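Chain by chain, the residues run as shown.
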Amino acid sequence: MKVFVVNCGSSSIKYQLFSMTNEVVLAKGVVERVGTGDAILKMRAGATSLKFKIKAPDHTAALNIILETLLDPKLGVLENIGQIEGVGHRVVHGGEDATKSARIDDNLIAIIRKNSQLAPLHNPPNLMGIEAAMAAMPKVPHVAVWDTAFLSTLPPEAYRYAVPAEWYTKYGVRRYGFHGTSHRYVTQQAATLLGKPLEGINLITCHLGNGCSMTAIQGGKAVEHSMGMTPLEGLVMGTRCGDIDPAVVLYMISQGMKPEDVDKALNKDSGLIGVSGLSNDMRDLLGHRDRGEKGAELAIDLFVYRLQKYVGAYYAILPSVDAVILTGGIGENSLPVRQMLCEKLTRLGAIPDEKRNLDTVGGKKGPITANGSDLPVWVIPTNEELMIARDTQRIVAGG
Ligand code: AMP
């Protein structure tokens with residue numbers, strides 16, 4: 001079975017075409033700057049790499065060009081569009097209405113629309129991608145895989161905020177969480193790698209990319225999570241602040257900032273870039289730190305310290321911890337950050353292993369703590385697209 005996976009943003013469409021027989025990626029790429037007049041299509045299929053300008057005034061036009069390009073006989077990945085038997089869509093916010101991946105129908109589209117008020121930057125473009133793909137492939141089942149669904153198992157004491165109850169009942173103010181597909185993927189991988197049944201595994205999973213989140217997993221299910229009603233809460237991120245005193249927002253407004261400017265500052269100008277004043281990119285920051293720049297050093301220290309605090313909190317609420325799992329661009333690649341974190345977790349039983357840390361890069365998975373660690377720390381590369389493809393295959397097959 002061939003499955004097409006779509007991740008649609010406001011001005012981009014990322015896509016992957018899978019052959020599910022052996023779970024290989026036949027082609028993948030992105031269209032950037034959709035709707036701007038100078039869109040670019042990038043595609044990799046086997047040894048072939050393509051990059052060219054296209055006319056894509058909207059998502060429908062961009063998607064049709066992606067499909068036409070996939071049909072190019074020179075690529076040899078698709079003979080006709082009918083070979084695609086399922087389309088999986090990443091959808092960010094399902095609110096309390098979506099607890100698992102599901103086939104897209106009118107009811108499900110209404111759920112995406114309803115939850116757009118909670119994710120105004122994400123759900124509307126996700127929906128544009130769905131509508132474009134459904135128009136291009138009307139006979140094929142389309143499946144929604146939600147960022148929030150894996151986190152729908154949080155108990156009330158984890159998802160409720162201590163604010164007036166009506167804020168929740170009337171306005172839906174609660175923790176929803178994000179990156180759920182990534183946390184679910186690494187949880188399943190960890191169960192296999194650690195040789196434990198999924199329902200018996202307890203983990204602390206850390207998705208550390210430009211956005212960062214952490215999940216406490218008990219018996220294979222999410223019981224606590226660091227992102228909140230929006231992705232702003234929790235860990236220090238590339239450009240987001242993570243946890244702050246909510247009174248800071250009101251104080252800055254009282255100092256003359258407009259609410260929308262505070263919103264932008266906390267989402268786009270905070271985190272690593274805000275503290276360092278240099279970059280949101282961990283690679284750059286490590287370089288700056290090594291050249292003696294104090295702002296970079298402080299930003300990295302803050303990043304790792306917040307991680308350490310969260311691991312401590314999640315360690316306290318779980319009955320036991322089989323492993324801490326690191327994933328995402330920083331988790332998979334940033335050796336100094338991983339080493340710093342392992343050193344900060346020695347009191348909880350981690351024994352850092354520098355050689356293992358050095359060896360586990362470039363998509364490799366494995367422990368970066370020594371044998372005999374009471375708290376093993378593992379690196380497991382994430383693969384959200386494969387998770388989406390697997391769900392799509394299962395649902396198309398009637399599962
Ligand atoms: P993501 O959002 O998952 O693509 O992750 C982006 C983050 O991963 C950025 O902060 C990158 O600097 C970081 N990253 C990616 N590769 C490396 C690397 N080789 N060393 C350090 N950080 C990296």
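Colleague: For this particular structure, what's the right way to read the site of the ligand?
Modeller: The ligand sits among Gly209, Asn210, Asn280, Asp281, Met282, Arg283, Gly328, Gly329, Ile330, Asn333 and Ser334. With respect to the ligand, the backbone of Met282 contributes an N or O atom lying 3.0 Å from an oxygen atom. When the ligand is considered free in solution it has 500 Å² of accessible area, and contact with the protein chains removes 69% of it. When residues of the shell around the ligand are traced back to their parent elements, those giving at least two are α10 (282-290) and α12 (328-333).

Colleague: Help me understand a nonpolar patch on the surface, please; the structure alone is not making it clear to me.
Modeller: Together, Ile244, Val248, Tyr251 and Met252 make up a nonpolar patch on the protein surface, roughly 330 Å² of accessible area in all. If you trace the backbone, Val248 turns up in helix α7 (residues 247-254).

Colleague: How should the packing of α7 against helix α8 (residues 259-268) be read in this particular structure?
Modeller: How two helices sit against one another is set out by the angle between their axes and by the gap between those axes. Close contact between α7 and α8 brings their axes to 9 Å; oriented N to C, the two are set at 130 degrees. One element, α7, and the other, α8, form an angle in the oblique class. Relative to α8, α7 is oriented so that their crossing is right-handed. Facing α7, whose interface residues are Val249, Met252 and Ile253, α8 presents Pro259, Val262 and Leu266. Per-class residue counts for the contact of α7 with α8 are six nonpolar, no polar and no charged.

Colleague: In this structure, what is going on with the nonpolar core? I would like to understand it.
Modeller: General note: in soluble globular proteins, nonpolar side chains tend to be found buried as a group. Ile204, Met214 and Phe303 are the most contacted members of the largest nonpolar core, which totals 42 residues. Elements supplying a minimum of two residues to this core: β9 (203-208), β10 (212-218), α10, α11 (294-317), β12 (323-327), α13 (335-344) and β14 (377-379). Ranked by the residues each element gives to this core, the list is headed by α11, at nine residues. Leave out the neighbours within four places in its chain, and Ile204 touches Met214, Thr215, Val311, Tyr314, Tyr315, Leu318, Val321, Ala323, Val324 and Ile325. Formed by 30 residues, the second largest nonpolar core is a distinct cluster that contains Val6, Tyr15, Ala45 and Leu70.

Colleague: How do you make sense of the pattern of salt bridges when you look at a structure like this?
Modeller: Between side chains of opposite charge, pairing is possible as soon as their charged atoms come close. According to the stated counting rule, one finds 17 salt bridges in the structure shown. Notably, a salt bridge pairs Glu32 with Lys42, separated by 3.2 Å at the nearest N-O pair. Taken together, the residues span a long stretch of sequence, with Glu32 in strand β3 (residues 24-32) and Lys42 in strand β4 (residues 39-45) at a distance of ten residues. The class of Lys42 is partly exposed, set by a relative accessible area of 27%. Across the pair Lys196 and Asp322 runs a salt bridge, and its minimum N-O distance is 3.1 Å.

Conventions we followed
- Residues numbered from 1 in each chain as written.
- Predicted model: local features only at pLDDT ≥ 70, side-chain atom pairs only at ≥ 80, totals over all residues.
- Heavy atoms only, no water.
- Near = heavy atom within 4 Å.
- Polar contact = N/O pair within 3.5 Å; in protein donor to acceptor, adjacent residues only side chain to side chain.
- Areas by Shrake-Rupley, 256 points an atom, 1.4 Å probe, with all protein chains shown as cover.
- Helix = DSSP H or I, 4+ residues; strand = E, 2+ residues; numbered from the N terminus.
- Patch = residues over 30% accessible without salt bridge, like charges linked within 9 Å, V, L, I, M, F, W, Y side chains within 5 Å.
- Salt bridge = Lys/Arg side-chain N within 4 Å of Asp/Glu carboxyl O.
- Axes fitted to C-alpha atoms, helices over the stretch in contact; angles between N-to-C directions.
- Parallel < 35°, antiparallel > 145°, perpendicular 65-115°, else oblique.
- Left-handed = near helix turned anticlockwise from the far one by under 90°.
- Contact = heavy atoms within 4.5 Å.
- Nonpolar A, V, L, I, M, F, W, Y, C, P; charged D, E, K, R; others polar.
- Core = buried A, V, L, I, M, F, W, Y, C linked by side-chain atoms within 4.5 Å.
- Buried < 20%, exposed > 50% of the residue type's maximum accessible area, 1.4 Å probe, protein only.

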